[in-house]
Amino acid sequence: MTYLKSIGEVIGFLLLSIFAILDGVIRSFIPKRYKMKNIDGEIALVTGGGGGLGRLLSLRLANLGAIVVVWDINEAGIDETVKLVQAAGGTCYGYVCDLCDREDIYKKAKIIKEEIGKVTILINNAGIVTGMKFLDTPDKLIIRTMDVNVMSHFWTVKAFLPIMLESNKGHIVSVASLAGQCGIPKLVDYCASKFAAMGFDEALRMELEYEGYDIKTTVVCPYFIRSTGMFDDVESRYVPTLRPNAVADRIIMAMRCNEKYAIIPGYLQILLTLKWIFPWPCVAMFLRGLVRDASPSHDSSKLYTDAATTIAEEECTVPPSKDQNNAAIHQQLARRVSSSERKP
């Protein structure tokens, strides 16, 4: 009987797998505009929203009708983001929050619940990079990288997931990196943190599905993004660095379409598959040729953060606001996202 049961389970697995594959193929032909969910009125929290990619995400969320909450360590950057969102006709609240401090995260989460409401969209966007060789990286910077890039995901999700479970509704977005798929010299701590962020997302999704909850998760793995103050001088060959606006658009689309993974650019997903097919010497040669140096002009006295990033003026375009009467003010404020923000 045990033998027959095992055969039945295998057949059931194969049949369900075929159904899942066919369902995926059919869904791939449906235009994305028909798969996007409405987030109007939902409360979305963006970590690292005081500048860079987090600011662009905040503007897009507000443009879609979401109530945006921004967390950052940079108070001036928070104020700028709030002004931009409000000028675009959106609603935005900003809080200074140290993502390295678990208790501060819990404290600010409680304040948000009391003052604003229940967060249903959580975007863990904040990230830092040291860009140093492993043995040259001070212990405190390694700890900080892990705290911001992955441990903060644990604390923010612990703070907001219970609320999502109550209504069985919510979406958690983890902004990881393609560095979470491949090892890169000078990015040992960064790669380790992004590998961990990917594992966190996948294991959490599996646990939620196993328990029968309909909480969505998305992990985003972009290539190097230019004009964010983190990888502006990276020596990349063959694959161009990404525009922040394009990445922000792709993240919002992935979230609204309930995608589980978003590789940016998408064609690199094929190369990632080849990583497990070709021998390691081939993979290593390819990666060394693709990224000659992730941080060629590194200054060990600086810590590049996404909490106070610099977006070049030509990259500071945002979607048209809902309130067209504020368009002129919106564009004027957008131009201010420039060299006034310095890397801490």
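Here the structure is a predicted model, which means the values were calculated and not measured.

(A) Inspection of the overall build of the protein chain at higher detail. In terms of helices and strands, the protein chain carries ten helices and eleven strands. Buried positions account for 50% of the 344 residues belonging to the protein chain. The contacts of the protein chain with a sequence gap of at least 6 include a subset with a gap of at least 24, amounting to 74%.

(B) Just the pattern of salt bridges, in detail. Under the defined criterion, the tally for this structure stands at ten salt bridges. We note a salt bridge from arginine 27 to aspartate 23, for which the minimum N-O separation is 2.9 Å. Separated by four residues within a single helix, arginine 27 and aspartate 23 lie in helix H1 (residues 2–28), roughly one turn from each other. Linking aspartate 293 and lysine 186 is a salt bridge whose minimum nitrogen-to-oxygen distance equals 3.3 Å.

(C) The sheet that holds strand S6 (residues 171–175), seen in detail. In spatial order, the strands read S3-S2-S1-S4-S6-S7-S9; together these seven strands make up an open sheet with parallel pairing. Edge positions in the sheet fall to strand S3 (91–96) and strand S9 (261–264), since each of these pairs with one other strand and no more. Sheet twist, expressed as the mean angle between neighbouring strand axes with direction ignored, is 15°. Lying on the sheet, helix H3 (residues 75–87) is in contact with strand S2 (67–72) and S3; it crosses S3 at an angle near 175°. The sheet strands contacting helix H5 (residues 139–167) are strand S1 (43–47), S2, strand S4 (119–124) and S6, and the helix crosses S4 at an angle near 165°.

(D) Quick look at the packing of aromatic side chains. A complete count under the given rule lists six aromatic pairs for this structure. Note on phenylalanine 154 and phenylalanine 200: the rings are 4.6 Å apart at their centroids and 50° apart in plane angle, and the pair reads as tilted. Taken as a pair, phenylalanine 154 in helix H5 and phenylalanine 200 in helix H6 (residues 188–210) lie far apart in primary sequence, 46 residues in all. You can call phenylalanine 154 partly exposed: its relative accessible area is 35%. Here the aromatic rings of tyrosine 223 and phenylalanine 224 are separated by 5.0 Å at their centres, their planes lie at 65°, and the arrangement is edge-to-face. Tyrosine 223 sits in the buried class, given a relative accessible area of 6%. Directly above the ring of tryptophan 155 sits arginine 102, whose terminal nitrogen or CZ lies 5.3 Å from the centroid.

(E) A nonpolar patch on the surface, seen in detail. There is a patch of nonpolar side chains on the surface, built from Tyr3, Leu4, Ile7, Ile11, Leu15, Ile18 and Leu22 and spanning about 740 Å² of accessible area. Checked against the element boundaries, leucine 15 lands in helix H1. Assessed through its relative accessible area of 56%, leucine 15 is described here as exposed.

(F) Quick look at the confidence of the model for the protein chain. Mean pLDDT for the protein chain: 85, with 86% of residues reaching 70 or above. Low confidence marks residues 299–318, where pLDDT is under 50. Its contacts with residues over four positions away, or in another chain, come to 75 contacts. Taken together, the stretch residues 321–344 has pLDDT below 50 and engages in 49 contacts with residues farther than four places along the chain or on a different chain.

(G) The packing of helix H2 (residues 52–63) against helix H7 (residues 244–256), seen in detail. Direction vectors running N to C along H2 and H7 enclose 50°, while the axes themselves pass 9 Å from each other. In terms of orientation, H2 and H7 fall into the oblique class. As H2 packs across H7, the resulting crossing turns out to be right-handed. Facing Leu53, Leu56, Leu57, Arg60 and Leu61 of H2, the residues of H7 in contact are Pro244, Asn245, Val247, Ala248, Asp249, Ile251, Ile252 and Met255. A breakdown of the residues in the contact of H2 with H7 according to their chemical character gives ten nonpolar, one polar and two charged.

Cut-offs applied
Residues numbered from 1 in each chain as written. Predicted model: local features only at pLDDT ≥ 70, side-chain atom pairs only at ≥ 80, totals over all residues. Heavy atoms only, no water. Helix = DSSP H or I, 4+ residues; strand = E, 2+ residues; numbered from the N terminus. Buried < 20%, exposed > 50% of the residue type's maximum accessible area, 1.4 Å probe, protein only. Contact = heavy atoms within 4.5 Å. Salt bridge = Lys/Arg side-chain N within 4 Å of Asp/Glu carboxyl O. Pairing = 2+ DSSP bridges. Axes fitted to C-alpha atoms, helices over the stretch in contact; angles between N-to-C directions. Phe/Tyr/Trp six-rings, centres within 6.5 Å; stacked < 30°, edge-to-face > 60°. Lys NZ or Arg CZ within 6 Å of the ring centre and 35° of its normal. Patch = residues over 30% accessible without salt bridge, like charges linked within 9 Å, V, L, I, M, F, W, Y side chains within 5 Å. Areas by Shrake-Rupley, 256 points an atom, 1.4 Å probe, with all protein chains shown as cover. pLDDT = per-residue confidence, 0-100. Parallel < 35°, antiparallel > 145°, perpendicular 65-115°, else oblique. Left-handed = near helix turned anticlockwise from the far one by under 90°. Nonpolar A, V, L, I, M, F, W, Y, C, P; charged D, E, K, R; others polar.

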